[in-house]
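# Notes for the structure review
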Amino acid sequence: MKAWRFYRFGDLRLDEVPEPALAPGHVLARPLVVQPSVTEAQLAIGVRTLAYEKIRRRLETEAPVQLFGHEFCARVLAVGEGVTRVRPGDRVAARAKLPCGRCGPCGSGRDELCRRGPIIGFDLPGCFAELAVLPEIALVKVDDRISDGEAACLQSLSDSLAAVETAGVARGDSVAIFGQGSMGLECLQVARARGAGLLITVDVREEACRISKDLGADQAIDATRTDPVAAIRELTGGEGADVIFECAGGSPKQGLAGTRTLAQAIDAVRAGGKLVGVSWFGHPLEVDIDLLRERSLRYLFPDISTLAHLEETVRLVATGQVRLRPVITHVLPGIERVPEAFEITANKGAHRAINPAQVVFETGSGSGAPRSSRTP
Ligand SMILES: [Zn+2]
């Protein structure tokens with residue numbers, strides 16, 4: 001089969017490799033739509049972000065190596081011994097981080113706290129290949145009302161859902177979201193579904209502000225024209241928002257906001273309010289902790305998403321409570337287009353992309369797969 005393998009940072013090649021062997025508790029699946037996550041796209045070119053050291057080590061000791069590909073929709077072709085939740089023909093999506101099954105939290109039924117398990121695409125081969133063998137515990141069955149392209153976004157949506165849950169958004173809470181990329185737009189829609197009150201979004205792109213309004217923001221602030229801190233204060237009676245999600249920070253080289261939006265978020269949250277850090281910055285930050293202390297701010301970081309989160313994303317999308325179609329801006333046909341998807345996703349600003357670029361692996365017929373499903 002063909003699989004994309006990394007030889008070093010910035011060097012990936014479509015190689016012929018042996019088909020993976022099915023194992024107990026696993027399924028053999030054919031990827032239909034796959035997208036690089038932003039983190040993967042940055043790591044692919046050697047940007048220092050989450051898991052950089054792990055990937056560097058693997059490249060140094062194992063190259064060429066199959067890396068990345070945890071955001072996907074795939075069709076199950078065969079199931080291994082003991083698999084009960086999915087059957088051949090089902091479409092599946094996955095969570096990336098898996099419980100180890102051996103540590104204290106795993107043993108006491110709290111596997112959402114496990115930090116030792118493998119991550120698909122980082123420790124296990126992912127879906128940038130014609131075939132993949134995937135552990136059943138990672139998988140969720142995709143509802144027929146969800147397209148392949150939308151299903152490839154469910155993993156990211158489950159992280160956004162976990163972020164909103166970590167924030168404990170209460171009915172009627174005023175919520176502001178800095179950054180209207182895919183996770184910002186997901187947090188917006190999930191917060192709305194969870195009963196948030198006034199929803200304010202902030203971005204510097206006109207298009208993102210437009211999509212944000214379309215997906216349920218009460219006020220979409222274009223920070224190139226309006227001071228977002230002053231606007232959020234004014235809209236919340238001078239207090240600041242109850243909850244703020246910071247989803248815009250990161251390397252300006254990749255078109256992200258640096259640390260500017262974090263400083264703004266700290267200023268725009270009310271005293272005693274909650275600030276949820278969704279962004280990865282890739283380097284240590286200087287933050288005025290006394291300011292957080294003085295204003296009794298809760299600076300929180302999202303929990304790891306669980307299988308229950310992933311299952312809820314299927315319900316949210318299938319019932320139209322979360323709409324993913326408007327955020328899918330770039331769709332590339334054919335497994336050969338994977339490097340282009342990485343390039344677009346690593347530089348979303350320059351390409352005017354919202355969601356990561358998606359690659360449709362199955363184009364045309366003759367693949368022997370069951371009936372093809374809708375794509376966006
Ligand atoms: Zn564990």
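The sections below set out a description of the structure shown in this document.

Analysis parameters
- Residues numbered from 1 in each chain as written.
- Predicted model: local features only at pLDDT ≥ 70, side-chain atom pairs only at ≥ 80, totals over all residues.
- Heavy atoms only, no water.
- Phe/Tyr/Trp six-rings, centres within 6.5 Å; stacked < 30°, edge-to-face > 60°.
- Helix = DSSP H or I, 4+ residues; strand = E, 2+ residues; numbered from the N terminus.
- Buried < 20%, exposed > 50% of the residue type's maximum accessible area, 1.4 Å probe, protein only.
- Lys NZ or Arg CZ within 6 Å of the ring centre and 35° of its normal.
- Donors = N, O, S within 2.8 Å, 3.2 Å for Na, K, Ca; no water.
- Tetrahedral: all angles 85-135°; square planar, octahedral: opposite > 155°, others 65-115°.
- Pairing = 2+ DSSP bridges.
- Axes fitted to C-alpha atoms, helices over the stretch in contact; angles between N-to-C directions.
- Contact = heavy atoms within 4.5 Å.

Before going further, it helps to spend a moment on the packing of aromatic side chains. Under the counting rule described, the total for this entry stands at seven aromatic pairs. With centroids separated by 5.9 Å and ring planes inclined at 70°, the aromatic side chains of Phe-6 and Phe-342 adopt a geometry described as edge-to-face. On the criterion of sequence distance, the pair formed by Phe-6 in strand β1 (residues 2-8) and Phe-342 in helix α12 (residues 338-346) is long-range, its members being 336 residues apart. For the ring pair Phe-68 and Phe-122, a centre distance of 5.5 Å and an interplane angle of 65° mean the geometry is edge-to-face. You can see Phe-68 sitting in the loop between α2 (52-62) and β4 (71-79) and its partner Phe-122 sitting in the loop between α3 (104-107) and β6 (132-135), a full 54 residues away along the chain. Per residue, the accessibility class of Phe-68 equals that of Phe-122, and both read buried. Among the aromatic residues, ring-to-ring pairing joins Phe-6, Phe-68, Phe-122, Phe-128 and Phe-342 into one connected group. For Arg-13, the ring lying beneath its charged end belongs to Tyr-7, and the centroid distance is 3.7 Å.

Turning our attention to the coordination of the zinc ion. Surrounding the zinc ion are the protein donor atoms Cys-100 (SG), Cys-103 (SG), Cys-106 (SG) and Cys-114 (SG), which sit 2.2 to 2.4 Å from the metal. Given four donor atoms and angles of 104 to 117° at the metal, the environment of the zinc ion is assigned as tetrahedral.

With that out of the way, let us pick up the sheet that holds strand β11 (residues 241-246). One open sheet holds the six strands; their spatial order is β10-β9-β8-β11-β12-β13, and the pairing between them is parallel. One side of each edge strand has no neighbouring strand; the edge strands of this open sheet are β10 (219-222) and β13 (298-300). This sheet shows a mean twist of 15° between the axes of neighbouring strands, independent of strand direction. Where strand β9 (residues 199-203) lies against β10, four bridges are found, and the strand directions are parallel. Paired with Asp-203 across the strands is Asp-222, a residue of β10. The sheet strands contacting helix α5 (residues 154-167) are β11, β12 (269-277) and β13, and the helix crosses β11 at an angle near 150°.

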